[in-house]
Amino acid sequence: MSLEQIIIVVETILIMIGGGYIFNQYQQQKKQQGEIAEVDELTGDLSRASMVILGDIVFEQARVRNSTFSVAMIDLDNFGDINDTYGFDVGDKVLTSVAQVLQQHKRQGDKISRWRGQGWLMLLPESSATEAQRVFERIQSALYEHDFSFKDKRTVTVSMGVAELCTDDTCFDDIAKRADTVLFHAKQDGKNQLKVSQPERELD
Ligand SMILES: Nc1nc2c(ncn2[C@@H]2O[C@H](COP(=O)(O)OP(=O)(O)OP(=O)(O)O)[C@@H](O)[C@H]2O)c(=O)[nH]1
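- As annotated in an unreviewed UniProt entry, the chain carries the name diguanylate cyclase and is attributed to Pleionea mediterranea.
- On record in UniProt, under Catalytic activity (unreviewed entry), the comment for the chain is "2 GTP = 3',3'-c-di-GMP + 2 diphosphate".

Next comes the structure, spelled out in structure tokens:
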């Protein structure tokens, strides 16, 4: 077993320990909120509404346990150009394929929701930003290898902004916003890359 594989196994075990609690809390919250679209119709990923419930639970759990978690905002690069060149239907197929790649390369306890048209939010319970970085590297390699069958042989890439829980975060939305801010920086700095939110450094 390679070092990479050992790390994945250890991460998976740690995440499974906390998984049952999160699932039960999620079911309760969902009942209280009534009808919500749980799943995104196109990709089959969790809906944004479901992720907001999960994110709030994971936030509270991390505070009580004094543990951590990370949020990764993932956004397709130059997706408008794919739509313009090949049409919206092909764009939809690309979205579905990328969603599958994300599902295949996340770890067992990680949750993915379609957060906006061409973007996803990945929740990584009990995980540091460094662990999120490893997940990004796996996704990046998988996308390079994936055959999207474009006539112009273009590759599909994503940018990612990661934020790990910090003391100043008061709710899940705070972390999601920090991840979104660094996603914007990843786009500005050339795309196909990951940026990590560093609130301590930003205060200096
Ligand atoms: N096919 C398809 N396109 C979508 C969907 N939702 C959003 N889009 C498209 O996603 C594109 C987003 O464009 P931009 O926000 O400019 O992003 P971008 O072209 O990926 O550029 P960067 O984010 O800067 O890399 C637009 O062309 C939207 O029409 C969808 O469900 N299906």
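## Remarks on the nonpolar core
Point 1. Among the nonpolar cores identified, the biggest contains 29 residues, and Leu76, Val94, Val98, Trp120, Met122, Val156 and Val158 are the most heavily contacted of them.
Point 2. When residues of this core are traced back to their parent elements, those giving at least two are strand 1 (69-76), helix 3 (79-86), helix 4 (88-105), strand 3 (119-125), helix 5 (129-145) and strand 4 (158-164).
Point 3. Per-element accounting of this core gives the leading share, 7 residues, to helix 5.
Point 4. If we skip the residues at most four places from it in the chain, Leu76 touches Leu95, Val98, Gln118, Trp120, Val156, Thr157, Val158 and Lys187.
Point 5. Membership of the second largest hydrophobic core comes to 23 residues, among which are Ile57, Phe69, Phe172 and Leu183.

## Some remarks on the environment of Leu46
Point 1. Note on placement: Leu46 falls in the loop between helix 1 (3-33) and helix 2 (48-65).
Point 2. Relative accessible area serves as the criterion here: at 19%, Leu46 is assigned to the buried category.
Point 3. Residues Leu46 and Ile112, spaced 66 residues apart in sequence, show a C-alpha to C-alpha distance of 6.3 Å.
Point 4. With residues near it in sequence (within four places) discarded, Leu46 still touches Tyr26, Glu38, Val39, Asp40, Leu54, Lys111, Ile112, Ser113 and Arg114.

## Observations concerning the packing of helix 3 against helix 4
Point 1. One way to put it is that helix 3 packs onto helix 4 with a least axis distance of 7 Å and a crossing angle of 135°. Taken together, the axes of helix 3 and helix 4 lie oblique to each other. Contacts between helix 3 and helix 4 pair Phe79, Ile82, Asn83 and Tyr86 from the former with Phe88, Val90, Gly91, Val94 and Leu95 from the latter.
Point 2. In terms of residue class, the contact of helix 3 with helix 4 is made up of 7 nonpolar, 2 polar and no charged.

## Structural notes on the UniProt feature "domain: GGDEF" (unreviewed entry) in the chain
Point 1. Per the UniProt record, "domain: GGDEF" (unreviewed entry) is found at residues 67-199.
Point 2. Annotated as 46% helix and 23% strand, the span residues 67-199 places its first and last C-alpha atoms 18 Å apart.

## Regarding the environment of Met51
Point 1. With respect to the secondary-structure elements, Met51 resides in helix 2.
Point 2. A sequence separation of 51 residues divides Met51 from Leu102, and the C-alpha atoms of the two residues are 16 Å apart.
Point 3. What Met51 contacts, discounting residues up to four positions off in sequence, is Lys111, Ile112, Ser113, Trp115, Leu121, Leu123 and Phe172.

## Considerations on the sheet that holds strand 3
Point 1. Across the sheet, 5 strands lie side by side as 2-3-1-4-5; this open sheet has mixed pairing. If you trace the sheet from one side to the other, it starts and ends with strand 2 (111-116) and strand 5 (194-196), each paired once. Geometrically, the sheet is characterised by an average inter-axis angle of 20° between neighbouring strands, direction not taken into account.
Point 2. As judged from the 3 bridges shared by strand 4 and strand 5, these two strands associate in the parallel manner. Across the sheet, residue Gly161 finds its bridge partner in strand 5, namely Lys195.
Point 3. Helix-sheet contacts for helix 4 involve strand 1, strand 2, strand 3 and strand 4, and the interaxial angle to strand 3 is about 10°.
Point 4. Running at roughly 170° to strand 4, helix 5 makes contact with strand 1, strand 3, strand 4 and strand 5 of the sheet.

## As for the site of the ligand
Point 1. The ligand sits among 16 residues. The nearest are Asn78, Phe79, Gly80, Asp92 and Arg114.
Point 2. Between the ligand and Gly80, the relevant distance is 2.8 Å, taken from an oxygen atom to a main-chain nitrogen or oxygen of the residue.
Point 3. Contact between the ligand and Asp92: a nitrogen atom at 2.7 Å from a side-chain N or O atom of the residue.
Point 4. Expressed as a share of its isolated accessible area of 660 Å², the protein-covered part of the ligand is 65%.
Point 5. For the shell around the ligand, the elements supplying multiple residues, two or more each, are strand 1, helix 3 and helix 4.
Point 6. With 4 residues, the single largest contributor to the shell around the ligand is helix 4.
Point 7. Classifying every residue of the shell around the ligand by side-chain character gives 4 nonpolar, 6 polar and 6 charged.

About the criteria used
Residues numbered from 1 in each chain as written. Predicted model: local features only at pLDDT ≥ 70, side-chain atom pairs only at ≥ 80, totals over all residues. Heavy atoms only, no water. UniProt positions renumbered as here; feature names shortened; annotations may be inferred. Core = buried A, V, L, I, M, F, W, Y, C linked by side-chain atoms within 4.5 Å. Buried < 20%, exposed > 50% of the residue type's maximum accessible area, 1.4 Å probe, protein only. Helix = DSSP H or I, 4+ residues; strand = E, 2+ residues; numbered from the N terminus. Contact = heavy atoms within 4.5 Å. Axes fitted to C-alpha atoms, helices over the stretch in contact; angles between N-to-C directions. Parallel < 35°, antiparallel > 145°, perpendicular 65-115°, else oblique. Nonpolar A, V, L, I, M, F, W, Y, C, P; charged D, E, K, R; others polar. Pairing = 2+ DSSP bridges. Near = heavy atom within 4 Å. Polar contact = N/O pair within 3.5 Å; in protein donor to acceptor, adjacent residues only side chain to side chain. Areas by Shrake-Rupley, 256 points an atom, 1.4 Å probe, with all protein chains shown as cover.

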